[in-house]
Protein chains: 2
Amino acid sequence: MQRIINDPDNVVDDAIKGYLRASPSLFAATDHPRVLKYPSSASDKVGIVTGGGSGHEPAFLGYIGEGMCDAVAIGEIFSSPTADAFLEAFRSAPHEQGVACLYGNYAGDNMNVKMAKQMAEMEDIEVKTVIARDDVASAPAAERDKRRGVAGEVMMWKIGGAAAARGDSLDEVIRLAQKAVDACSSIGVGLSSCTIPANGKPNFSIEPGHMELGIGHHGEPGIEVAPLTSAEAIATAMCDPVLADQDFAGSEVAVLISGLGATPVMELNILYAHIAERLEAADIRVHRTDIGNYFTSLEMMGATLTLMKLDDELKPLLDAPARSLAITQC
Amino acid sequence: MQRIINDPDNVVDDAIKGYLRASPSLFAATDHPRVLKYPSSASDKVGIVTGGGSGHEPAFLGYIGEGMCDAVAIGEIFSSPTADAFLEAFRSAPHEQGVACLYGNYAGDNMNVKMAKQMAEMEDIEVKTVIARDDVASAPAAERDKRRGVAGEVMMWKIGGAAAARGDSLDEVIRLAQKAVDACSSIGVGLSSCTIPANGKPNFSIEPGHMELGIGHHGEPGIEVAPLTSAEAIATAMCDPVLADQDFAGSEVAVLISGLGATPVMELNILYAHIAERLEAADIRVHRTDIGNYFTSLEMMGATLTLMKLDDELKPLLDAPARSLAITQC
């Protein structure tokens, strides 16, 4: 295991020390060691909270900041934060106008957010949630409730964060964040596994010369293990289920291509050239494209494609200013 | 070789197609297929040009943009761009006030920039150069001319780009970019190798359980191959030669920690926590820290540390606004 770590059981706490040291204008400690908050949040806006397992950097901490999230609950690698951590995140975020907890559909997160929400209610903190379910490979459209949240979460945070920043009410922030994630269809392709430091061994395997279409962010099984093919054919394999998921034809979209960690950004651009051709052929106009490492899985090789259907309500929120480690736009 | 590519011999051209498709506000094609330019450069400022081999994403294309570079010459993976490409980059950048070519100290780049500069002179385009030599592991301070350029190049582009953007003359841009890179001391540590697509095999090897201190961006041999140790000990091994290179004590610095490609950003933060402690103990004040993938080597595991000594002249240029794929600040 070729890693720059100390004790494999302490990687999360050790990394938090680095984040706090490196970016004091973005991160402040709270009463819980596994919760960081944005130190400059306005107190009179709706609070935006998220959280999830570590190992997905820049998610989730990289989305704390101006026009983005106010507090993040931090879990162990690929594990949900505790209910206590979510509760402290609700307390640490602005909460006079209520808190929007925007997170991904995983059993542990669902359970702990639910408990934290109940505890927060006893403290008169109103919390409403949006649960991202954008991974088309994890369940058919008719069973959207079973879908996992993947890189569409980034869009949800951006839209919800921008709505809160401009002073929208809790109900309105929730409506828009829900609309954002409903407008997203995502799929991943994995080319190699990754190793959780505390385990020391890959937590699943992809044979060399193969790829797994529809793989989850923690190595959850995808739709199909197939021989590794060309970027052009991979683009087709990713676009087919995404384009079949919603009626994108004739509309304007935002495209997010995220690497899973170890895939060079050059390759994401090779992939995108083919995706762009496919979108053009399908009469889909691309409003903006973001390519990079936005939601990773440690050192997994592979990529995710997220397509978000835009309208006049979502577009200005997506393009609104933000300052965070992962997204800064003026 | 687990890669998202088409023909391994065409990865650079295929990636350029993606960059052009994804970011039309940052990239425009030129008369040379291996040169991209910023489409919104003011014509009356000094042009900033760089270039180098591919495989270092986001370098070099990620540093094209507002307040950064105006044109980039693009080489094959880990190979210099041609003289023709550098010449076209000089032509494509604003050049009425002259062109500052800011690049790294590699034999191929030196040769091709020199030829391109001579050809540009015949077209009445004045080109002056700054050659980054910030890698302390590649030669002792007394032989700085032999040092390679590594992530200090990012600082050079930022400072030179900001100086040009505010209207500084060519001589002044060159002076400041030179000052920037002279103020930088960098070192890398490699934990694994990488594979050039056209070769299909790792181009060097690091045995599991080992690390190479002082490794170059193309796998050039470092100072020492040692057993892989803790993040804390790695931080010490990196800080020792960097802090010995310049008199940093009592001064203010900027810190840049770049991953080499496949190392999770979490680990860069673990590393930084120890580096920050060490800097504090050495009475060095950190003005800003940037941690992420700024200058990579395909999917190599490892990191680089760059320390830049600041003064009242460099600080505002470093903090000046910029918009590019790799650095955006408002």
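Residue numbers run consecutively from 1 along every chain, following the written order of its sequence. Naming scheme: in the order in which they are written, chains are lettered from A and ligands are numbered from 1. Confidence filtering applies because this is a predicted model: local features only for residues at pLDDT of at least 70, side-chain atom pairs given and counted only at 80 or more, and all residues used for totals across whole chains, interfaces and linings. Excluding hydrogens and water, the side-chain values take into account all heavy atoms of the structure.

UniProt positions are given in the numbering used here, feature names are shortened, and annotations may be inferred rather than shown by experiment. Following the UniProt record, one finds the feature "domain: DhaK" (unreviewed entry) at residues 7–327 of chain A. Secondary structure counts use DSSP, requiring at least four H or I residues in a row for a helix and at least two E residues in a row for a strand, with both numbered from the N terminus. Helix and strand shares over residues 7–327 of chain A are 32% and 24% respectively, and the end C-alpha atoms of the span are 31 Å apart.

Residues and elements named next belong to chain A. The domain boundaries assigned to chain A delineate domain 1 (12–183) and domain 2 (185–318). Each of domain 1 and domain 2 has a C-alpha centre, and the two are 23 Å apart. Across the boundary between the two partners, domain 1 contributes 37 residues, which contact 38 residues of domain 2. For any pair of parts, buried area is found by adding up, for both, the accessible area (1.4 Å probe) each one loses once the two are put together. Of the roughly 3000 Å² buried between domain 1 and domain 2 on both sides combined, carbon and sulfur atoms contribute 65%. When the buried area of domain 1 at its contact with domain 2 is split by residue, Phe78, Met155 and Ala183 rank highest and sum to 21% of it. A side-chain nitrogen of Lys or Arg and a carboxyl oxygen of Asp or Glu constitute a salt bridge if their distance falls within 4 Å. Run the count over domain 1 and domain 2 and you get five salt bridges. Residue aspartate 311 pairs with lysine 179 through a salt bridge whose shortest N-O separation is 2.5 Å. Among the elements of the structure, α4 (152–165) and α5 (170–182) are those that each provide at least two residues to the side of domain 1 that touches domain 2. Residues are sorted three ways: Asp, Glu, Lys and Arg are charged, Ala, Val, Leu, Ile, Met, Phe, Trp, Tyr, Cys and Pro are nonpolar, and all the rest, Gly among them, are polar. Tallied by class, the residues present in the side of domain 1 that touches domain 2 amount to 21 nonpolar, three polar and 13 charged. Each domain's limits were defined by an automated method or a database of domain assignments. By definition in these notes, contact holds between two residues if any of their heavy atoms fall within 4.5 Å.

The next subject is the sheet that holds strand β11 (residues 252–259) of chain A. Residue and element names in this part refer to chain A. Pairing between two strands requires that DSSP report at least two bridges joining them. Pairing is mixed across the open sheet formed by six strands, whose spatial order is β10-β9-β8-β13-β11-β12. The open sheet has two edge strands with one neighbour each: β10 (224–227) and β12 (285–292). Pairs of neighbouring strands in the sheet enclose a mean axial angle of 20°, with direction left out of account. Bridge count for β11 against β12 is seven bridges, and the pairing is parallel. Across the sheet, residue valine 253 finds its bridge partner in β12, namely valine 286. Only the contacting stretch of a helix is used when fitting its axis, a line to C-alpha atoms as for every element, and angles between N-to-C directions run 0 to 180 degrees. On top of the sheet, helix α7 (residues 265–281) reaches β11, β12 and β13 (302–310); it is set at about 155° to β11, its chief contact.

In this section: the nonpolar core. Only buried Ala, Val, Leu, Ile, Met, Phe, Trp, Tyr and Cys residues count toward a nonpolar core, and they belong to the same one when joined by side-chain atoms within 4.5 Å. Throughout this description, buried means an accessible area under 20% of the type-specific maximum (1.4 Å probe, protein chains only), exposed means over 50%, and partly exposed covers the range between. Among the nonpolar cores identified, the biggest contains 204 residues, and A:Trp157 and B:Trp157 are the most heavily contacted of them. Once residues within four sequence positions are removed from consideration, A:Trp157 is found in contact with A:Thr50, A:Ala59, A:Phe60, A:Tyr63, A:Met68, A:Cys69, A:Leu102 and A:Phe295.

Turning next to the interface of chain A and chain B. Each partner contributes residues to the interface: chain A has 58 residues there, and chain B has 58 residues. On the chain A side of the contact with chain B, A:Gln2, A:Ile4 and A:Met266 bury the most area, a combined 21% of that side's loss. The tally of links between chain A and chain B comes to four salt bridges. We define a polar contact as two N or O atoms separated by no more than 3.5 Å, with the added condition that, inside protein, one atom must be a possible hydrogen donor and the other a possible acceptor, whereas residues neighbouring each other in sequence contribute only through side-chain atom pairs. In this structure, the connection of chain A to chain B is made through 22 residue pairs in polar contact (both at pLDDT 80 or more). For the side of chain A that touches chain B, the secondary-structure elements that each account for two or more residues are α1 (11–22), α6 (231–245), α7, β12, β13 and β15 (328–329) of chain A. Ranked by residue count, the leading element in the side of chain A that touches chain B is α7(A), at 12 residues. Residues of the side of chain A that touches chain B, tallied by class, amount to 29 nonpolar, 18 polar and 11 charged.

Below, the discussion takes up the pairing of strand β5 (residues 71–77) of chain A. Residue and element names in this part refer to chain A. Across the seven residues of β5, six count as buried, placing the element largely inside the fold. Two strands pair when backbone bridges link them, and strand β2 (residues 35–37) and β5 are joined in this way by three bridges, in the antiparallel orientation. Residue pairing across strands places lysine 37 opposite alanine 71, the latter belonging to β5. As judged from the five bridges shared by strand β3 (residues 47–54) and β5, these two strands associate in the parallel manner. Note on β5: the bridge partner recorded for glycine 51 is alanine 73.

A few words now on the relation of the copies chain A and chain B. Superposing the two chain copies requires a rotation about an axis and a translation along that axis. When the copies are overlaid, the least-squares fit takes in C-alpha atoms only where the residue has pLDDT of at least 70 in both copies. With an RMSD of 0.0 Å, the fit of chain A onto chain B corresponds to turning through 180° and sliding 0.0 Å along the axis. On this basis, the relationship between the two copies can be described by a two-fold rotation axis. Closest to the rotation axis within chain A is the C-alpha of A:Ala262, separated from it by 2.0 Å. Of the residues that chain A buries at the interface, 100% are likewise interface residues in chain B, meaning the two copies contact each other through the same surface.

Note that a disulfide, as used here, is simply two cysteine sulfur atoms within 2.5 Å. Going through the model one piece at a time under the given rule, you end up with one disulfide over all chains. Between the sulfur of A:Cys330 and that of B:Cys330 lies a disulfide, 2.4 Å long from S to S. Linking A:Cys330 and B:Cys330, the disulfide has an S-S dihedral of approximately -95° and is accordingly described as left-handed. Of this pair, A:Cys330 sits in the segment after β15 while B:Cys330 sits in the segment after β15 (328–329), which puts the two residues in different chains. Both residues of the pair, A:Cys330 and B:Cys330, count as exposed. Cysteine A:Cys69 shares no disulfide, and the gap to the nearest cysteine sulfur, in A:Cys101, comes to 9.5 Å.

A word on the packing of α7(A) against helix α1 (residues 11–22) of chain B. Interhelical geometry of α7(A) versus α1(B) gives an angle of 60° and a closest axis separation of 7 Å. It follows from the interaxial angle that α7(A) and α1(B) lie oblique. Like other packed secondary-structure pairs, α7(A) and α1(B) cross with a definite hand, here left-handed. Mapping the contact onto sequence places A:Val265, A:Met266, A:Asn269, A:Ile270, A:Tyr272, A:Ala273, A:Ala276, A:Glu277 and A:Glu280 in α7(A) and B:Val11, B:Val12, B:Asp14, B:Ala15, B:Lys17, B:Gly18, B:Tyr19, B:Arg21 and B:Ala22 in α1(B). Of the residues belonging to the contact of α7(A) with α1(B), the class tally is 11 nonpolar, two polar and five charged. Roughly parallel means an angle under 35 degrees; roughly antiparallel means over 145; roughly perpendicular covers 65 to 115; every other angle is labelled oblique. In a left-handed crossing the near helix is turned counterclockwise from the far helix by less than a right angle, and in a right-handed crossing that turn is clockwise.

Turning next to the sheet that holds strand β4 (residues 65–66) of chain A. All names here are of chain A. The sheet built from three strands is open, its strands ordered β4-β14-β15 with antiparallel pairing. Strands at the two margins of the open sheet, each flanked by one partner only, are β4 and β15. Note that strand β14 (residues 322–324) and β15 share two bridges and pair antiparallel. When the bridges of β15 are listed, arginine 323 appears paired with threonine 328.

Here a pair means two rings of Phe, Tyr or Trp (six-membered ring of Trp) with centres within 6.5 Å. Their orientation is stacked below 30 degrees between planes, edge-to-face above 60, and tilted elsewhere. Counted under the stated rule, the structure contains 12 aromatic pairs over all chains. Ring plane angle 65° and centroid distance 5.5 Å describe the contact between A:Phe60 and A:Trp157, whose orientation is recorded as edge-to-face. Here A:Phe60, found in the loop between β3 and β4, pairs with A:Trp157, found in helix α4; they are 97 residues apart in sequence, far enough to count as distant. The pair A:Phe60 / A:Trp157 is uniform in exposure class, with both members buried. Between the aromatic rings of B:Phe60 and B:Phe295, the centroid separation amounts to 5.7 Å while the plane-to-plane angle is 80°, which identifies the pairing as edge-to-face. With B:Phe60 in the loop between β3 (47–54) and β4 (65–66) and B:Phe295 in the loop between β12 (285–292) and β13 (302–309), this residue pair connects regions lying 235 residues apart in the sequence. For the pair shown, B:Phe60 and B:Phe295 are each scored as buried. Taken together through their ring pairs, the aromatic side chains of A:Phe60, A:Tyr63, A:Trp157 and A:Phe295 make up a single cluster.

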